[in-house]
Amino acid sequence: MREQTTDLRETVRQRYAAAAVKVTEGSAACCGPEPVEVDDNFGSTLYAADDRDALPAEAVAASLGCGNPSAVAELREGEDVLDLGSGGGIDVLLSARRVGPTGKAYGLDMTEEMLALALANTAKAGATNVEFLKGTIEAIPLPANTIDVVISNCVINLSTDKPAVFAETFRVLKPGGRIGVSDVVADDTLTADQRAERGDYVGCIAGALSFAEYRTGLEAAGFTAIEITPTHPVADGMHSAIVRATKPTAAEAPAQATTSADACCGVNACCTSGETAADPAPTVAEAKTASGCGAQN
């Protein structure tokens, strides 16, 4: 399974590296770069003309997403925003404009070629409140509780470890922070095999979660106020969707911890290194014994 996961990630990396090279080489041609995606369901046509016209042609041409997350996230002046799988930088540059000079837009990508293209586009756009990071979306190279908004454009479906993506996204968000993601989501009735019949993994189809799976994954990571709204079909039973969710504030955390304690042995953060007794009087071991808990490790 680990070898298959590595192979899938490398296939994804190669596809997006090739897309970046195509745009970079095309920018040297007399007529400029051609769009990598020419499709009503994916690519730059999903952005408003005013947004496209305000950016370098190479950033627009490299667009491979299924939506416009920087718009649906309702970014505000002064916020710090992170784009997972930032590609050629279109959503980072749009986000930088929306959060203004007192905010900052980070882009995270694992592909050297895309990062080089994004840096070139940032220089052409003259953006100064932008930073690109190399890494994977399953291990975000940023401290916890530092980001106001996480966006992503048709990238989470490409991950081979989506629980890790959701957990890392939750970790880097500040309490009260939110996500505004565009992604491909499958009807709950479609099996994994049926999704694969409709398109391959690197094409953003085979690896897509169902609506129920997406919601369950976000809930397991700790998100609340989850909304998954389909916007347009991309294949039979497959949809581009806007995904919104919130990391609870500190004021909401105690109620959430109580629920967790009641569900598992009278212990908060049960079976983790941070577990504590819900009632401060007994020890963790005493609390588990009193509740009849089987999870003694």
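Structure shown above.
Criteria and thresholds
- Sequence positions are assigned chain by chain, starting from 1 and proceeding in written order.
- Side-chain atom pairs in this predicted model are given and counted only at pLDDT of 80 or more, local residue features only at pLDDT of at least 70, and totals for whole chains, interfaces and linings cover all residues.
- No hydrogens and no water enter the side-chain calculation; it runs on all heavy atoms of the structure.
- Numbering of helices and strands runs from the N terminus; a helix is a DSSP stretch of H or I covering at least four residues, while a strand is a stretch of E covering at least two.
- Accessibility here uses a 1.4 Å probe with only protein chains present; expressed as a share of the type maximum, an area under 20% marks a residue as buried, one over 50% as exposed, and anything in between as partly exposed.
- Residue contacts follow a heavy-atom distance rule, with two residues in contact if any of their heavy atoms lie within 4.5 Å.
- One speaks of a salt bridge when a side-chain nitrogen belonging to Lys or Arg is within 4 Å of a carboxyl oxygen belonging to Asp or Glu.
- Arc definition: it is the arc formed by the directions from the helix axis to the C-beta atoms.
- Here a Phe, Tyr or Trp ring, Trp counted by its six-membered ring, pairs with any other such ring whose centre lies within 6.5 Å, and the pair is stacked when the planes are under 30 degrees apart, edge-to-face when over 60, and tilted otherwise.
- Counted as over-ring charges are cases with an Arg CZ or a Lys NZ within 6 Å of the ring centre that also lie within 35 degrees of the ring normal.
- Should DSSP find at least two bridges between two strands, the strands are taken to pair.
- The handedness of a crossover follows from its direction of travel: if, with the strands pointing away from the viewer, the path from the first strand over the helix to the second runs clockwise, the crossover is right-handed.

**Topic: the environment of Ser86**
And step 1. Looking at where Ser86 falls in the secondary structure, it is placed in the loop between β1 (80-84) and α5 (90-99).
And step 2. What makes Ser86 buried here is its relative accessible area of 5%.
And step 3. Ser86 sits 47 residues away from Leu133 along the chain, and the two C-alpha atoms are 9.3 Å apart.
And step 4. When near neighbours in sequence (up to four residues on either side) are disregarded, Ser86 contacts Val92, Gly107, Leu108, Asp109 and Phe132.

**Notes on the pattern of salt bridges**
And step 1. Inspection of the entire model under this criterion finds eight salt bridges.
And step 2. A salt bridge links Glu79 to Arg178; the shortest N-O distance between them is 2.9 Å. Residue Glu79 is found in the loop between α4 (69-72) and β1, and its partner Arg178 is found in strand β5 (residues 173-186); the two are separated by 99 residues along the sequence.
And step 3. Bridged by salt links that share partners, the residues Arg76, Glu79 and Arg178 form one connected network.

**Regarding unusual backbone geometry**
And step 1. One non-glycine residue with positive phi stands out, namely Asn145, at about 60°.
And step 2. Within the secondary structure, Asn145 sits in the loop between β3 (130-134) and β4 (147-153).
And step 3. The phi dihedral of Cys154 is positive, around 60°, even though this residue is not glycine.

**Quick look at helix α9 (residues 211-221)**
And step 1. Among all positions in α9, only Phe211, Tyr214, Gly217, Leu218 and Ala221 are buried. Taken end-on, α9 shows its buried residues confined to a sector of 135°, consistent with a single buried face.
And step 2. Of the surrounding secondary structure, the elements contacted by the buried residues of α9 are α7 (162-172), β5, β6 (209-210), β7 (224-235) and β8 (238-246).
And step 3. Of the residues flanking the end of α9, it is Gly222, one or two places downstream, whose phi is positive at about 115°.

**Focus: the packing of aromatic side chains**
And step 1. Here the structure, examined in full by the defined rule, presents two aromatic pairs.
And step 2. Arranged with centres 5.4 Å apart and planes meeting at 50°, the rings of Phe166 and Tyr214 form a pair that is tilted. Note that Phe166 is positioned in helix α7 and Tyr214 in helix α9, a separation of 48 residues in sequence.
And step 3. Here Phe166 falls in the buried class, since its relative accessible area comes to 4%.
And step 4. Overall, the relative accessible area of 2% leaves Tyr214 in the buried class.
And step 5. Between Phe170 and Phe223, the ring centres sit 5.2 Å apart and the planes meet at 90°, which makes this aromatic pair edge-to-face. Here Phe170 is found in helix α7, whereas its partner Phe223 is found in the loop between α9 and β7, with 53 residues between them in sequence.
And step 6. Take Phe223: its relative accessible area is 4%, and that puts it in the buried class.
And step 7. Just above the ring of Phe170 sits the side chain of Lys247; from NZ or CZ to the centre is 4.8 Å.

**Quick word on the pairing of strand β2 (residues 104-109)**
And step 1. Counting buried residues along β2, five of its six residues qualify, which places the element largely inside the surrounding structure.
And step 2. Where β1 meets β2, five bridges bridge the pair, whose relative direction is parallel. If you follow Val81 over to β2, its bridge partner there is Ala105.
And step 3. Assessed by its sense of winding, the connection that carries the chain from β1 through α5 to β2 is right-handed.
And step 4. Of the strand pairs in this sheet, β2 and β3 are connected by five bridges, and their pairing is parallel. Following the sheet pairing, Asp109 is matched in β3 by Lys134.
And step 5. Where the polypeptide runs from β2 across helix α6 (residues 112-125) and back to β3, its parallel neighbour, the crossover connection is right-handed.

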